[in-house]
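Working through the structure, step by step
What follows is each chain in one-letter form.
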Amino acid sequence: MALKCGLGELATRLTITGDSTLNRLACYGQIESNGIDVSKILAGNSPVGIVALKANINGIANQKKITKAAFDGKVNRIDFNQYTYNDIDIKAQLDNNSYNAQVAIDDPNGQIELEGFVDLSNPDTYANVIMDCTNIDLAALNLVPQAAGNKLTFDLSANYSGKQIEKANGYIHISDLWYGNTKESFNWKQLNIDAQHTTDQQQITITSDYINGQIEGEYTFNTILYSLQDITSQFIPSVVAPKQPNEEAVKSEENVKNNFEWDFTVVPHLKMAQLLKFPVTLTDTAHIEGSIEDDKQLIQLKAAVPYMWAGLTHLEGININLENTDQKLQISAQTNILNAQQKATSVALYGNAANDSLELSVNWDAHTQKLYNGYISLGSKLSKNENNELDIDINIHPT
């Protein structure tokens, strides 16, 4: 049977049988299309355009759902994000709430082989994925225009079980990552993300050539912002009002709390920073650690960066510390700004917040050919007026 309409043409050769005893239908046969414009079917600005395919299909359905299905064929054309892919081989099977698929893409702008299995039949989702990507031209595929002139290659394997990412057990391993072109490139031998969850403890560990560290404790990612708002609202309530997690988040967690700490080191990689056009470039190992404790209403952040370039500005000895006590939220930051002759200007900032009042001081001391130094201190009082607008009263202290 052939169907023609404004969307395109679809030919089917299907056999459908019924079993009244089991209350089910079975279907098998072939579908073929030289092109159906899916964008006219899907609402909104669909990234999918014309789809052309030829495949063998079969399936079994009861009164409520499709219980078994299989697709074995080739997508001769699919437009995605204004790029046309050709010759995609797909084999996929559905068995109740489990899915299995093998996909192979051989495109001039990248080759992908994927094999995956997902089981939704249990309370905890289980997934196992293996993927090989070779010479992916992200710009040509209209995925990342900023990557023009470069290609990406990597292998990925993932094994995961869990209802939520915070309560997952499993791993994502990326190996032999290469990015660049014939003149310049960088590579990562490994990037491993491992997750472990027990009754009262969660841990995510990252190990790689350049980033290493872990997050450990009790946390729910979609409520961390609320924790930060609740803590900082104690000190500047006119700016940050205390908020509670949304109703959906509360329903999904018996007790929404964040009590965790993190500790990471980042090793410099100049070529990666250049190719990916990072706004900052590390030239020595950086360290960052911190914690959020809802139970004690405490937050802490410490960062130490020995050497770094921010654009054309060379910085050394960067130290940042943010923490709060019961009465104050305090921040301090120090660094040296180096000129072309490697002469330093030391800059330090200190601030604190309490009871809708802010105190800030900055001092600098130059060790260049012309010596100069300075100090400025100011305070401000925050409040809301009758129109619920923020008023700021600033005082510059004598120095």
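This text follows the structure it describes.
One structure accompanies this document, and this report is about it. (Residues numbered from 1 in each chain as written. Predicted model: local features only at pLDDT ≥ 70, side-chain atom pairs only at ≥ 80, totals over all residues. Heavy atoms only, no water.)

**So, unusual backbone geometry**
- A positive phi angle is found at Gln 82, which is not glycine, with a value near 65 degrees.
- By the element assignment, Gln 82 lies in the loop between strand 5 (66-80) and strand 6 (83-95).
- Positioned with a positive phi, Asn 355 is a non-glycine residue whose angle comes to about 50 degrees.
- Taking the relative accessible area as the measure of exposure, Asn 355 reaches 61% and is therefore exposed. (Helix = DSSP H or I, 4+ residues; strand = E, 2+ residues; numbered from the N terminus. Buried < 20%, exposed > 50% of the residue type's maximum accessible area, 1.4 Å probe, protein only.)

**Remarks on the pattern of salt bridges**
- A complete count under the given rule lists 7 salt bridges for this structure.
- Of the charged contacts, one joins Asp 79 and Arg 77 as a salt bridge, the two residues approaching to 2.8 Å between their closest N and O atoms.
- A relative accessible area of 12% means that Asp 79 is categorised as buried.
- For Asp 295, the salt bridge is made with Lys 257, and the minimal N-O distance between the two is 3.0 Å. On the criterion of sequence distance, the pair formed by Asp 295 in the loop between strand 17 (286-293) and strand 18 (298-310) and Lys 257 in the loop between helix 2 (247-252) and strand 15 (259-266) is long-range, its members being 38 residues apart.
- Owing to a relative accessible area of 29%, Lys 257 belongs among the partly exposed residues under this scheme. (Salt bridge = Lys/Arg side-chain N within 4 Å of Asp/Glu carboxyl O.)

**Digging into the environment of Gly 110**
- Tracing the sequence through the fold places Gly 110 in strand 8 (residues 110-119).
- Judged by its relative accessible area of 5%, Gly 110 is buried.
- Excluding anything up to four places from it in sequence, Gly 110 contacts Ile 105, Thr 134, Asn 135 and Ile 136. (Contact = heavy atoms within 4.5 Å.)

**Concerning the pairing of strand 17**
- The pairing of strand 15 with strand 17 spans 8 bridges and is antiparallel. Bridge assignment links Thr 265 to a residue of strand 17, and that residue is His 287.
- Of the strand pairs in this sheet, strand 17 and strand 18 are connected by 7 bridges, and their pairing is antiparallel. Paired with His 287 across the two strands is Ala 304, which belongs to strand 18. (Pairing = 2+ DSSP bridges.)

**Brief notes about the packing of aromatic side chains**
- Within the structure shown, the criterion is met by 7 aromatic pairs.
- When the ring of Tyr 219 is compared with that of Phe 260, the centres are 5.5 Å apart and the planes differ by 65 degrees; the resulting orientation is edge-to-face. Of this pair, Tyr 219 sits in the loop between strand 14 (211-218) and helix 1 (224-232) while Phe 260 sits in strand 15; the two residues are 41 residues apart in sequence, bridging distant segments of the chain. In this structure, Tyr 219 and Phe 260 share a single accessibility class: buried. (Phe/Tyr/Trp six-rings, centres within 6.5 Å; stacked < 30°, edge-to-face > 60°.)

**Re the pairing of strand 20 (residues 329-338)**
- In this structure, strand 19 (residues 313-324) lies alongside strand 20, joined through 9 bridges in antiparallel fashion. Pairing of Asn 321 across the sheet is with Ser 332, part of strand 20.
- Connecting strand 19 to the antiparallel partner strand 20 that follows it, the hairpin turn spans 4 residues.
- Of the strand pairs in this sheet, strand 20 and strand 21 (residues 344-354) are connected by 10 bridges, and their pairing is antiparallel. Across the sheet, the residue bridging to Ile 331 is Gly 351, located in strand 21.
- The turn linking strand 20 back onto strand 21 is made up of 5 residues, and Gln 342 within it adopts a positive phi angle of 65 degrees.

**Notes on helix 1**
- Residues of helix 1 that are buried include every one of Ile 224, Tyr 226, Ser 227, Gln 229, Ile 231 and Thr 232, and no others.
- Of the surrounding elements, those touching the buried residues of helix 1 are strand 15, strand 17, strand 18, strand 19 and strand 20.

**A short note on the nonpolar core**
- Counting 49 residues, the largest nonpolar core has Leu 152, Phe 154, Leu 177, Phe 186, Trp 188, Phe 260 and Ile 292 as its most contacted members.
- Sequence-distant contacts of Phe 154, that is, excluding residues within four places in its chain, are made with Met 131, Asp 132, Cys 133, Ile 174, Ser 175, Asp 176 and Leu 177. (Core = buried A, V, L, I, M, F, W, Y, C linked by side-chain atoms within 4.5 Å.)

**Section: the side chain of Thr 67**
- Considering the arrangement of structural elements, one finds Thr 67 in strand 5.
- By relative accessible area, Thr 67 is classed as buried at 14%.
- Setting aside residues up to four positions removed in sequence, Thr 67 forms contacts with Ile 60, Ala 61, Asn 62, Leu 94, Asp 95 and Asn 96.

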